[in-house]
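# Fold and geometry: a report
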Amino acid sequence: MAEMTERLKQALKETSQTIDDVIDRLIPRNNELENHLYDAMRYGTLEGGKRMRPLLVLASCDMFSVDRACAVRVAAAVEMVHSYSLIHDDLPALDDAGLRRGRPSLHCEFDEATAILAGDALQSLAFEILSDSDTHGDPHVRIKLIEGLARALGPRGMAGGQMIDTLGQREGTLDVGAITRMQKMKTGSMIMFACETGAILGRASPKHLMAIRNYAHDFGLAFQLTDDLMGANNAVQDLGKEKDENKEENKVSFLRHYSSGEARAKAELLIEQAVKHLAVFETTRTEVLVDLARFLVDRKN
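All of these numbers come straight from a predicted model, not from anything done at the bench.

This part covers the overall build of the protein chain. Across its full length, the protein chain carries 14 helices and two strands. Computed over its C-alpha atoms, the radius of gyration of the protein chain comes to 18 Å, within 12% of the 19 Å expected for a compact globule of 301 residues. The C-alpha extent of the protein chain, read off along each of the three principal axes, is 55 × 50 × 35 Å. Classification of the 301 residues of the protein chain by burial places 51% in the buried group. Carbon and sulfur atoms make up 51% of the accessible area of the protein chain, which totals about 14100 Å². One way to put it: in the protein chain the 37 positive side-chain charges average out to a point 5 Å from where the 46 negative ones average out.

Once that is clear, we can look at the pattern of salt bridges. Per the stated rule, a full pass over the model turns up 17 salt bridges. For R264, the salt bridge goes to E268, with nearest N and O atoms at 3.2 Å. Here E268 and R264 lie together in helix α13 (residues 260-277), a separation of four residues that amounts to about one turn. On the basis of relative accessible area, R264 is assigned to the partly exposed category, the value being 31%.

Let's shift gears to helix α6 (residues 112-131). Two residues of an α-helix separated by three or four positions point the same way, owing to the 3.6 residues in each turn. The end-to-end C-alpha separation of α6 is 29 Å, in line with the 28 Å expected for 20 residues at 1.5 Å each. For α6, the full list of buried residues reads T114, A115, A118, G119, A121, L122, L125, A126, I129 and L130. A side-chain oxygen of the first residue of α6 lies 3.2 Å from the backbone nitrogen of A113; this N-cap is D111.

Counting residues in each nonpolar core, the largest one holds 89 residues, and the members touching the most others are L56, M190, Y215 and F219. The dominant element in this core, judged by the number of residues it contributes, is helix α4 (residues 68-89), at twelve residues.

So, on to the packing of helix α8 (residues 158-171) against helix α9 (residues 176-201). For any two helices packed against each other, one specifies the crossing angle of their axes together with the interaxial distance. Across the interface, α8 lies against α9 with an axial gap of 7 Å and an inter-helix angle of 145°. Considering the relative orientation of α8 and α9, their crossing is left-handed. Facing M158, G160, G161, Q162, I164 and D165 of α8, the residues of α9 in contact are A178, R181, M182, M185, K186, S189 and M190.

Spanning 14 residues, α8 covers 20 Å between terminal C-alpha atoms, matching the ideal 20 Å at 1.5 Å per step. Listing the buried residues of α8 in full gives M158, G160, G161, Q162, D165, T166 and G168. Where α8 is buried, its residues contact α4, α7 (139-153) and α9. Backbone geometry just downstream of α8 places G172 in the positive-phi region, at approximately 60°.

Attention shifts here to the environment of V176. Note on placement: V176 falls in helix α9. Judged by its relative accessible area of 29%, V176 is partly exposed. Distance in space between the C-alpha atoms of V176 and Y258 is 8.9 Å, their sequence separation being 82 residues. Not counting chain neighbours up to four residues away, the residues in contact with V176 comprise F254, H257 and Y258.

What follows is about the packing of helix α10 (residues 206-233) against helix α14 (residues 283-296). Look at α10 against α14: their axes get within 10 Å of each other, and the N-to-C directions meet at 25°. The angle between α10 and α14 places the two elements in the roughly parallel class. As for how α10 packs across α14, the hand of that crossing is left-handed. The residues of α14 that touch α10, namely those facing I212, Y215, F219, A222, F223 and T226, are L289, L292, A293 and L296.

So, on to the packing of aromatic side chains. According to the stated counting rule, one finds four aromatic pairs in the structure shown. A centroid spacing of 5.6 Å and a plane angle of 70° characterise the contact between Y43 and F110, whose relative ring orientation is edge-to-face. Here Y43, found in helix α2 (residues 35-45), pairs with F110, found in the loop between α5 (106-109) and α6; they are 67 residues apart in sequence, far enough to count as distant. You can call Y43 buried: its relative accessible area is 16%. An angle of 10° between the planes, with centres 6.2 Å apart, marks the rings of F254 and Y258 as stacked. Directly above the aromatic system of Y43 lies the positively charged group of R103, at a separation of 3.9 Å from the ring centroid.

Definitions and limits used
- Residues numbered from 1 in each chain as written.
- Predicted model: local features only at pLDDT ≥ 70, side-chain atom pairs only at ≥ 80, totals over all residues.
- Heavy atoms only, no water.
- Helix = DSSP H or I, 4+ residues; strand = E, 2+ residues; numbered from the N terminus.
- Rg over C-alpha atoms; globule rule 2.2 N^0.38 Å.
- Buried < 20%, exposed > 50% of the residue type's maximum accessible area, 1.4 Å probe, protein only.
- Areas by Shrake-Rupley, 256 points an atom, 1.4 Å probe, with all protein chains shown as cover.
- Lys, Arg positive; Asp, Glu negative; His and termini not counted.
- Charge placed at Lys NZ, Arg CZ, Asp CG, Glu CD.
- Salt bridge = Lys/Arg side-chain N within 4 Å of Asp/Glu carboxyl O.
- Expected span 1.5 Å × (residues − 1).
- Polar contact = N/O pair within 3.5 Å; in protein donor to acceptor, adjacent residues only side chain to side chain.
- Core = buried A, V, L, I, M, F, W, Y, C linked by side-chain atoms within 4.5 Å.
- Axes fitted to C-alpha atoms, helices over the stretch in contact; angles between N-to-C directions.
- Left-handed = near helix turned anticlockwise from the far one by under 90°.
- Contact = heavy atoms within 4.5 Å.
- Parallel < 35°, antiparallel > 145°, perpendicular 65-115°, else oblique.
- Phe/Tyr/Trp six-rings, centres within 6.5 Å; stacked < 30°, edge-to-face > 60°.
- Lys NZ or Arg CZ within 6 Å of the ring centre and 35° of its normal.

This is the structure we're talking about:
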């Protein structure tokens with residue numbers, strides 16, 4: 001069993017604190033009429049979450065010697081987009097979940113209309129951050145970031161994957177190939193973008209860009225396999241979100257086609273493949289990504 005290394009613990013702790021500080025600065029406070037929206041955006045992003053995607057951004061940026069001030073802005077934008085996706089996933093029209101990160105989902109704490117608007121606003125703010133010259137001085141680099149995030153969120157990414165998921169829950173006919181495609185789009189697209197941000201900001205060579213993309217591909221599928229295993233085995237207090245047995249029966253999951261042992265074995269194989277893709281980099285630059293990958297299979301939440 002791979003325990004979390006002290007290096008990874010410290011990286012996650014520092015990332016969480018850094019991202020909370022940056023998001024706190026980027027989501028304004030005022031006494032205007034729209035402040036209710038800002039309060040909802042803060043509720044949906046601060047004080048919770050593992051910050052895995054921002055950690056992938058920061059670790060990737062460190063690999064390519066990206067200025068830290070630029071990297072944390074991109075990491076915050078990625079976390080905002082991830083939070084937006086969770087807010088909308090929890091809505092009655094989709095997962096209808098009342099609990100997220102161990103507390104009431106945003107639409108339960110506020111209301112449904114506010115949750116929709118908060119999600120929309122977080123997505124828009126993420127693009128605003130990426131387009132700002134404070135994120136990178138070269139407009140061509142900023143355009144690549146914007147293009148990459150738009151692709152990860154759109155019909156070939158998260159939105160398309162969510163549509164396949166919704167259809168699969170209604171019809172229950174997705175084979176393992178369709179589930180793999182769905183997860184690459186719904187979950188894997190944002191993991192891919194988070195990992196390749198360092199290569200974009202650092203103007204990496206095609207060889208190094210391909211290596212980090214290959215890592216992200218295998219990491220993303222392993223992440224979903226372990227997520228399905230946790231959903232089947234863990235209690236509400238471990239997951240920090242609702243576990244409805246009726247919903248679980250209709251959930252589109254790799255476990256419809258694999259036993260728990262098979263799913264775990266496939267995840268372990270994918271993780272080792274992911275780590276091998278990093279061999280083209282100096283070992284000291286990949287330590288956090290390797291630690292995170294190897295811990296992934298044994299995570300509990």
